[in-house]
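The residues making up each chain are set out below.
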Amino acid sequence: MALSFCGNNKGSNAYSVENGVLNNGCFVDALNLVPHVFLLFITFPILFIGWGSQSSKVQIHHNTWLHFPGHNLRWILTFTLLFVHVCEIAEGIVSNTRMESNHLHLFMPALMGFIAATTSVVYYHNIETANFPKLLLALFIYWILAFITKMIKLWKFAEESLGVKELRFCITALLVVLYGLLMAVEINVIRVRKYVFFANPQRVKPPEDLQDLGVRFLQPFVNLLSKATYWWMNPLIIGAHKRPIELKKIGKLPIAMRALTNYMRLKDSYEEQRQKTEDPEKSPSIWKSMYRAFGGSILLSSTFRYMADLLGFAGPLCISGIVGNLHSSTEIDRTNKTANMTFGVFFMSSNELLKNTSVLAVLLFLALVLQRTFLQASYYVTIETGINLRGALLAMIYNKILRLSTSNMSMGEMTLGQINNLVAIETNQLMWFLFLCPNLWAMPVQIIMGVILLYYLLGNSALIGAGVILLLAPVQYLIATKLADTQKSTLDYSTDRLKKTTEILKGIKLLKLYAWENIFCDRVEETRGKELTSLKTFALYTSMSIFLNAAIPIAAVLATFVTHAYIEEVRLSPDKAFASLALFHILVTPLFLLSTVVRFAVKALVSVQKLSEFLQSDEIGDDSWRNGEMSMCLEFGKKYKYHGDTKVINRKDRYRMDNYEQPMRRQLRPTETEDVAVEVNDGFFTWGSNLSTLTDINIRIPTGQLTMIVGQVGCGKSSLLLAMLGEMQTISGKVYWSKLPDYEIFFDGSISKNRYSVAYAAQKSWLLNATVEENITFGSPFNKQRYKAVIDTCSLQPDIDLLPFGDQTEIGERGINLSGGQRQRICVARALYQNTNIVFLDDPFSALDIHLSDHLMQEGILKFLQDDKRTVVLVTHKLQYLIHADWIIAMKDGSVLREGTLKDIQTHDVELYEHWKTLMNRQDQELEKETEMESQTTLERKTLRRAFYSREAKNHIDDEDEEEEVEEDDDDNMSTTTSRRSKIQWKMCCRYLSSGGFLMVFLMVSSKLAKHSVMVAIDYWLAAWTSSNPHNQSLADPFLNATNYTQNDDTQIAQVTCHCCFLFEMLSFILYIIVILKLSFLGVLQHRSCVPVFIILCGAAIALCLITSLTVEFLGVAAATNLHHNLLNKIIHAPIRFFDVTPLGQILNRFSADTNIIDQHIPPTLESLTRSTLLCLSAIGVIAFVTPTFLIALVPLAVAFYFIQKYFRVASKDLQDLDDSTQLPLLCHFSETAEGLTTIRAFRHEARFKQRMLELTDTNNTAYLFLSAANRWLEVRTDYLGAVIVLTAAVAAIWSTSGPDVDQSGLVGLGLTYALTVTNYLNWVVRNLADLEVQMAAVKKVNSFLSTESENYEGSMDISQVPEDWPQHGEIKIHDLCVRYDSMLKPVLKQVNAHINPGQKVGICGRTGSGKSSLSLAFFNMVDVFEGKIVIDGIDICKLPLQTLRSRLSIILQDPVLFSGSIRLNLDPERTCTDDRLWEALEIAQLKNMVKALPGGLDAVVTEGGENFSVGQRQLFCLARAFVRKSSILIMDEATASIDMATENILQKVVMTAFADRTVVTIAHLVSSILEAEQVLVFSSGTLVECDSAPNLLAQENSLFSILVRTHK
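None of the values given here were measured: they were computed from a predicted structure.

Chemist: Residues and numbers for the overall build of the protein chain, please.
Modeler: When you go through the protein chain residue by residue, the secondary structure sums to 52 helices and 25 strands. Here the protein chain holds 1609 residues, and 55% of them are scored as buried. Within the protein chain, contacts between residues at least 6 apart in sequence are counted, and of these 82% link residues at least 24 apart. Counting every atom, the protein chain has about 68,900 Å² of accessible surface; 58% of that belongs to carbon and sulfur.

The following block contains the structure:
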């Protein structure tokens, strides 16, 4: 047919205007073209010039983004307009097919309208970003012209009596409404912005957030299209491929999403609830508060979800339409063409249009795009709301923590664990509940709609299928609850295993020296066995859950179609069958999710209950000088009303919490008492019980003087300090604080914000997880001179010098990597550094030795603080310092015994003074003993040196794979780095799978392939079954034409199966089915004769679902078992050098976080990945089989998919890492605050800590939001790709089946149903791939440790050659011994020669690092003896098996090591000794009586690290352990270094008596302890320099030994 705008039908004059110009339909349509052409002519030059000018400049920065009024409404209307234009084009094209010649005017104006609408939105977006509203005038004119022309068209239709029955009339009416609304939007912009027709145009600034260039999360500010498709994320995700995403790159959050903003919203609604409740005891409803604060967002999300769910049903309905109308569309009834002819053209109804398969294909595509857009929008809104809620709750909890009553914490009403649970678990439970919240009300609607549609399609049989699904839903819920319980028990076993592993790693040196590593390894393996049993149960329940999810739709389809075959008389048509199949798949998802949602709802109820109880718990009293809540102000353009003291702050500082004057919280005394800093009158204070802890307190603290509080342990000294600080509950009495001078200035010139604060050093040291410098300055400005003075005063410089990065070294959580004394001195340094008038020091000398105590007293308290004229209150047990006190308060049993100067007390209370003198004398005697010993601090520094491995060691083994580092150094090319980052570690996948065993891998692969083959066979059979009889005749005789099966057919089948007899039974079965399928398409099979095969196939599929789910999970358990077992054995048997150079935390990470990932996270990810990948592949295979032309379109789609997943995986990994790394500091901050509450409140630093908490929360929320946005970015793109696949498949199917003789409707239905599943699973392929990549890093880290070389346990000598009682004499000969720790390092011992006779007592000494301890390790072959040898009783120890050598020698180490368990386990883990032998050993160590007094005796409990015994007792247990072994050689490695004089005397005495006949080698830290040794070996720089008896060496004045004795080193 020739092309013509108005058509060239015979006999019609299309261009005639005799009846009036506007009565010619073609002319009216041509008139409709005018506005569109006008817009294109006007806008294209402007857009071209705009882009041209932008290309030379830098891209416009987002701070110019400014939304004009009605921005979102305009986008929504324009999208609706585009959709209506698509309908208009479709209607025009379909109407055109009913005409004799082509009438271009039917669809050409609609096509131009579509182009013009697209142009309008592009034009608007560019004007908006350029903030140039005057150019909107062109759009205003366009909307007016379009409105007028459409109105004319509608008017003419109405004149011809056309109405809503005609589709074109409806479309035109819709267009009139849309153009009218867009015109109104444009008028509104003119009204608000006044850019035209007004004298003074309005100037508007962009949103405040965007003026801050640090805000990078742009979702709230971009246009609607960018919002829906996450287009603004493109630069970040694509950029991640070139350079890793860092915290700087993700910037800050917009104001509306910050924790402070959301806290204010939640707090306001919470306070509103509080005011509404009449009963003051009743707590406000948190649910109502949450709804008031965040209800709007939840409703918006639910709306999106409803729209998505309803659009989801368009898929099955469109499939039904396409398959049903596949042939009717080609059989057009052309007999009655003129029936609907008006204006010389055909007018059709909407029903007629919807029978066109091509139109349905396009509608299916649009419905899918819209459905996935709405679904992702719903997800995003809920996640954003959930994160906002979590931020608000965290701020609320933190505020409460800072006001918590100290008695709540100390009396155990609120434990640290409970607070940590609130922060880490309960807030997350509520956040997750909010994520799943829309499902609660969307799911019932989805289920009801699904059942109604199934009933509409299939009748009563649909109810059977729906019933199967509903009946199995509770089973899913039951499994879900069992899963949660099992996970809890697994966690308990995991914690126990980790505790035992930590003990082993901490005491690894002792275990190796005693050859006990295998015994303790078995203890861990035993606990691991219990954990694995629990893991297997967990795997079983997980398998059941996966199985039910896969099997329920199969069971439902089976029940439905079999019932339909026997109940209904009419054969099931392909359109209904495949629409039902798609509906069943839709129906299963909400039911599967429902159990999860209900579980989370129950957890959320519990969480809210806990949160409510916490928020109602006691706070510090209002009658004290603290009145709690911070005052804050928040503005959003208008002043934010807030209850309490508020202050307007300028814009820059509005969102800080500490930029305001602190309210003065201490009651002031009249001016006549200003020589008194603090005064307590008639004070009765309690810790929460009715009994008062402090009674009748009347004291005064003089200003600018040193006040000491003394008394026995537990008499209330610390409580008195806390009572003055307002931490205790006041029963009666008052605490007065004097007014401070107004002119007090901080040392940086500003008024001190701490002028009402107290520098407080608590008895239990409290440190932040920050650098040493940050711990000391504690938020005050850094003053180098002052800082240096404080460091010197507290003798911290030597300790700082030992730290790897000096004072910039991060102190671990709770100061875990420092000793008690070092922690205490840093806390005192913090108190000294603060520029406060009053300093409270609570027993600062408790963990310090006498030298440090003296230094701190003289330099710190008497000089540094007194020179500043600061008021100092010191609680102490060191009575020798009383002479320095200006004022003394003596306490006894919670009341003040005496108050005054020392002279007053000497005069008025002689008895007390004499008592003090006696105690002072005793302390002096202890001082003398202590000065003989090496100072405790020196030992602490040694420990510190060991704890902080050297920088060289630190670099030796890096947490990540070293090879990567080397590669990066060799080639610092960005592209190689990125390609390495984006690679999936296939090698690690193979390593993981091989750990699971090849049988399990084979089972998994074969069962997965078989399952998906059978699934395809079921659907193919359904297609064959429903297509077998195209006439849908009644089936009165089901066996009619059954004779079509001839003998030949049977023979043919038998031959086919015979040829395949060597294959598995399964494969022959599938081949058999394929032959039957071929016959079925030839029309051989009958209706009900298909049922048995269908049942068999469904049964096989259900069985295979079970097998696949079990194999994947149990493959995971097998891999986890092997990897942990190998890792534990490798670590336990690694040389001691490995533990010196590898940080303990790094090894523990392998056993905790990495093992947890391997145990619980990889199996479900692997299962999901394989399932979704095979589903997508089988779907694409089926579509390609049905319509081979689809493969052509598949190539560009595959390329697009490849790039999407490539970019996403890299960005996702970076964002996941950021989320993980920002979560830990937040949790640490909460636990730190809860532990250091009294200190924070005393310093008055609540605001600073709140600000820090808000920053940490916002940082973590930013990372989480970006991760969520990245997931949405991926899902939108893969969903759109899926929609394109569906469109392509539909179009290809329609074209390929357009021939009149071919009935492939069943196959088309099959192809389209599979195409729909691709949409669901495509994004899961990428998500799971990205997750697996992150999780495989755990396998990689574990694998890096599996390559560690083990010690050579075998030895060259057979164990049978070693006498059973070796070494019987204890003779040691050392020949030319050279020792090093590693083949890469220098020797630590060089050419050592010595001879030790049997039973001789030998002392080894030398300065630090001279090689003393290295020699002790050489005796046990724990270091590399690369030259020379040690011969014990005639046997070279290097030839002995390590187990034999180490089990025959005894050693006592410097640090006493005990393991949790029983005393028996610690003395004799091998269980080879009798009880009598153990009691004898305890008696020798003088511990028998103490152990007998314990419940259980030898089986008495030893806690972790032996914490329930003193250090001295622990060392004596180690002595008893050495004696139990009855070895003829005992080595004591600085064994008396960490014990008191009394214990040392016992130890020395035992060695002289119990070990009289044994060879004892003592490595001494104090030369005084080896003065009686028969032989002394003196080392210097790894060389033996002197060897003789102690008296002989002392006789030589210049000998090194005599020098060491004289200098006490």
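Chemist: How would you sum up the nonpolar core? Please name residues and give values.
Modeler: In terms of nonpolar packing, the biggest core is built from 245 residues, with Met 233, Ile 322, Phe 1094 and Leu 1377 touching the most fellow members. It is helix 43 (residues 1305-1346) that provides the largest number of residues to this core, a total of 20 residues. Leu 416, Trp 687, Val 839 and Leu 856 belong to the second-largest nonpolar core, a separate cluster that totals 128 residues.

Chemist: Describe the sheet that holds strand 17 (residues 1424-1432), naming the residues involved and giving the relevant values.
Modeler: The strand order across the open sheet formed by four strands is 15-14-17-18, and the pairing between neighbours is antiparallel. Two strands lie at the open edges of the sheet, namely strand 15 (1389-1396) and strand 18 (1435-1436), each paired on one side alone. Pairing between strand 17 and strand 18: two bridges, direction antiparallel. Of the residues in strand 18, the one forming a bridge with Val 1431 is Asp 1436. Taken strand by strand, helix 44 (residues 1412-1419) contacts strand 14 (1372-1380), strand 15 and strand 17, and its axis lies near 115° from that of strand 14.

Chemist: With reference to specific residues and values, describe the sheet that holds strand 13 (residues 895-900).
Modeler: Pairing between the strands of a sheet is mediated by backbone hydrogen bonds and can be parallel or antiparallel. One open sheet holds the six strands; their spatial order is 9-10-11-7-12-13, and the pairing between them is mixed. Each having just a single partner strand, strand 9 (758-761) and strand 13 make up the two edges of the open sheet. Geometrically, the sheet is characterised by an average inter-axis angle of 15° between neighbouring strands, direction not taken into account. Bridge analysis of strand 9 against strand 10 (residues 838-842) gives four bridges, and the strand direction is parallel. Counted as the bridge partner of Tyr 760 is Phe 840 from strand 10.

Chemist: Describe the side chain of Asp 1019, listing the residues and the values that go with them.
Modeler: Structurally, the position occupied by Asp 1019 is in helix 34 (residues 998-1027). No salt bridge is formed by the buried Asp 1019; its nearest oppositely charged neighbour, Lys 1011, is found at 12 Å. With near-sequence residues (within four places) excluded, Asp 1019 lies in contact with Phe 578, Leu 581, Leu 1310 and Tyr 1314.

Chemist: Quick rundown of the environment of His 1124? Include the residues and the values.
Modeler: With respect to the helices and strands, the residue His 1124 is situated in helix 37 (residues 1091-1132). Measuring from C-alpha to C-alpha, the distance between His 1124 and Arg 528 comes to 8.8 Å, with 596 residues separating the pair along the chain.

Chemist: How would you summarise a nonpolar patch on the surface if you had to cite specific residues and measurements?
Modeler: Residues Tyr 477, Val 598, Val 602 and Val 606 make up a contiguous nonpolar surface patch of roughly 280 Å² in combined accessible area. In terms of residue count, helix 20 (residues 574-615) provides more of the nonpolar patch than any other element does, three residues in total. Counting through the fold element by element, Val 602 comes out in helix 20.

Chemist: Hey, could you go over the environment of Tyr 306 for me, with residue numbers and the actual values?
Modeler: With respect to the secondary-structure elements, Tyr 306 resides in helix 11 (residues 286-312). Accessibility expressed as a relative area gives 29% for Tyr 306, which makes it partly exposed. Other than its neighbours up to four places away in sequence, Tyr 306 contacts Trp 441, Ala 442 and Val 445.

Chemist: With reference to specific residues and values, describe the pattern of salt bridges.
Modeler: As enumerated under the stated definition, the model contains 28 salt bridges in all. Across the pair Glu 91 and Arg 168 runs a salt bridge, and its minimum N-O distance is 3.0 Å. Of the two residues, Glu 91 is situated in helix 2 (residues 71-97) and Arg 168 in helix 5 (residues 167-193); the sequence distance between them amounts to 77 residues. Using a relative accessible area of 5% as the deciding quantity, one classes Arg 168 as buried. Put simply, Glu 531 and Arg 497 hold a salt bridge, and the shortest N to O gap is 2.5 Å. Of the two residues, Glu 531 sits in helix 19 (residues 517-567) while Arg 497 sits in helix 17 (residues 460-506), which places them 34 residues apart along the sequence. With relative accessibility at 1%, the residue Arg 497 sits in the buried group.

Chemist: Mind laying out the confidence of the model for the protein chain, listing which residues take part and the relevant values?
Modeler: In this model, the protein chain carries an average pLDDT of 77, and 80% of its residues clear a pLDDT of 70 or more. Below a pLDDT of 50 lies the segment residues 54-61, which in the model reaches four contacts outside its immediate sequence neighbourhood of four places, other chains included. Note on residues 928-935: pLDDT under 50 across the span, and 17 contacts to partners over four residues away in sequence or across chains.

Chemist: Describe the packing of helix 17 against helix 20, listing the residues and the values that go with them.
Modeler: The contact between helix 17 and helix 20 brings their axes to 9 Å, and the two run at 35°. Regarding helix 17 and helix 20, the two cross each other, and that crossing is right-handed. Contact with helix 17, carried on its side by Gly 465, Ala 466, Ile 469, Leu 470, Ala 473, Gln 476, Tyr 477, Ala 480, Thr 481 and Ala 484, involves Phe 584, Leu 587, Val 588, Leu 591, Phe 592, Ser 595, Val 598, Arg 599 and Val 602 of helix 20 and no other residues of that element. Broken down by class, the residue content of the contact of helix 17 with helix 20 amounts to 14 nonpolar, four polar and one charged.

Chemist: Provide a residue-level description of the side chain of Thr 527, including the pertinent values.
Modeler: Tracing the backbone through its elements, the reader meets Thr 527 in helix 19. Residue class for Thr 527 comes out buried when judged on its relative accessible area of 3%. Ignoring anything within four residues of it in the chain, the contact list for Thr 527 reads Tyr 493, Asp 496, Arg 497 and Lys 500.

Chemist: Go over the pairing of strand 25 (residues 1583-1588), please, and point to the residues and values.
Modeler: Sheet topology note: the strand 24 (residues 1575-1580)/strand 25 ladder contains five bridges and is antiparallel. Paired with Val 1578 across the bridge in strand 25 is Glu 1586. The loop that links strand 24 with its antiparallel partner strand 25 comprises two residues; one of these, Ser 1581, has a positive phi angle of about 50°.

Chemist: Hey, could you go over helix 16 (residues 416-458) for me, with residue numbers and the actual values?
Modeler: Given 3.6 residues to a turn, an α-helix orients residues that are three or four positions apart in the same direction. Here helix 16 spans 60 Å end to end across 43 residues, near enough to the 63 Å set by a 1.5 Å rise per residue. Residue Phe 435 marks the point of greatest curvature in helix 16, where the axis turns by about 45°; the proline Pro 438 follows within four residues. Among the residues trailing helix 16, Gly 459 stands out with phi positive, at a value near 80°.

Chemist: Describe in detail the packing of aromatic side chains, supporting the description with residues and values.
Modeler: Following the criterion strictly, the structure yields 30 aromatic pairs and no others. With a centroid separation of 5.0 Å and 70° between ring planes, the pair formed by Trp 432 and Phe 435 is classed as edge-to-face. Of this pair, Trp 432 and Phe 435 both sit in helix 16, three residues apart, which is roughly one turn of that helix. On the basis of relative accessibility, which here comes to 38%, the residue Trp 432 falls in the partly exposed class. By relative accessible area, Phe 435 is classed as buried at 10%. Members of the aromatic cluster, connected to one another through ring pairs, are Trp 432, Phe 435, Phe 600 and Tyr 1264. Positioned above the aromatic ring of Phe 600, the side-chain terminus of Lys 603 is 5.5 Å from the ring centre. The ring of Trp 1479 has Lys 1492 sitting right over it, with the charged end atom 5.8 Å from the ring centre.

Cut-off values and rules
- Residues numbered from 1 in each chain as written.
- Predicted model: local features only at pLDDT ≥ 70, side-chain atom pairs only at ≥ 80, totals over all residues.
- Heavy atoms only, no water.
- Helix = DSSP H or I, 4+ residues; strand = E, 2+ residues; numbered from the N terminus.
- Buried < 20%, exposed > 50% of the residue type's maximum accessible area, 1.4 Å probe, protein only.
- Contact = heavy atoms within 4.5 Å.
- Areas by Shrake-Rupley, 256 points an atom, 1.4 Å probe, with all protein chains shown as cover.
- Core = buried A, V, L, I, M, F, W, Y, C linked by side-chain atoms within 4.5 Å.
- Pairing = 2+ DSSP bridges.
- Axes fitted to C-alpha atoms, helices over the stretch in contact; angles between N-to-C directions.
- Lys, Arg positive; Asp, Glu negative; His and termini not counted.
- Salt bridge = Lys/Arg side-chain N within 4 Å of Asp/Glu carboxyl O.
- Patch = residues over 30% accessible without salt bridge, like charges linked within 9 Å, V, L, I, M, F, W, Y side chains within 5 Å.
- pLDDT = per-residue confidence, 0-100.
- Left-handed = near helix turned anticlockwise from the far one by under 90°.
- Nonpolar A, V, L, I, M, F, W, Y, C, P; charged D, E, K, R; others polar.
- Expected span 1.5 Å × (residues − 1).
- Bend = angle between axes of the 7 residues up to and from the residue.
- Phe/Tyr/Trp six-rings, centres within 6.5 Å; stacked < 30°, edge-to-face > 60°.
- Lys NZ or Arg CZ within 6 Å of the ring centre and 35° of its normal.

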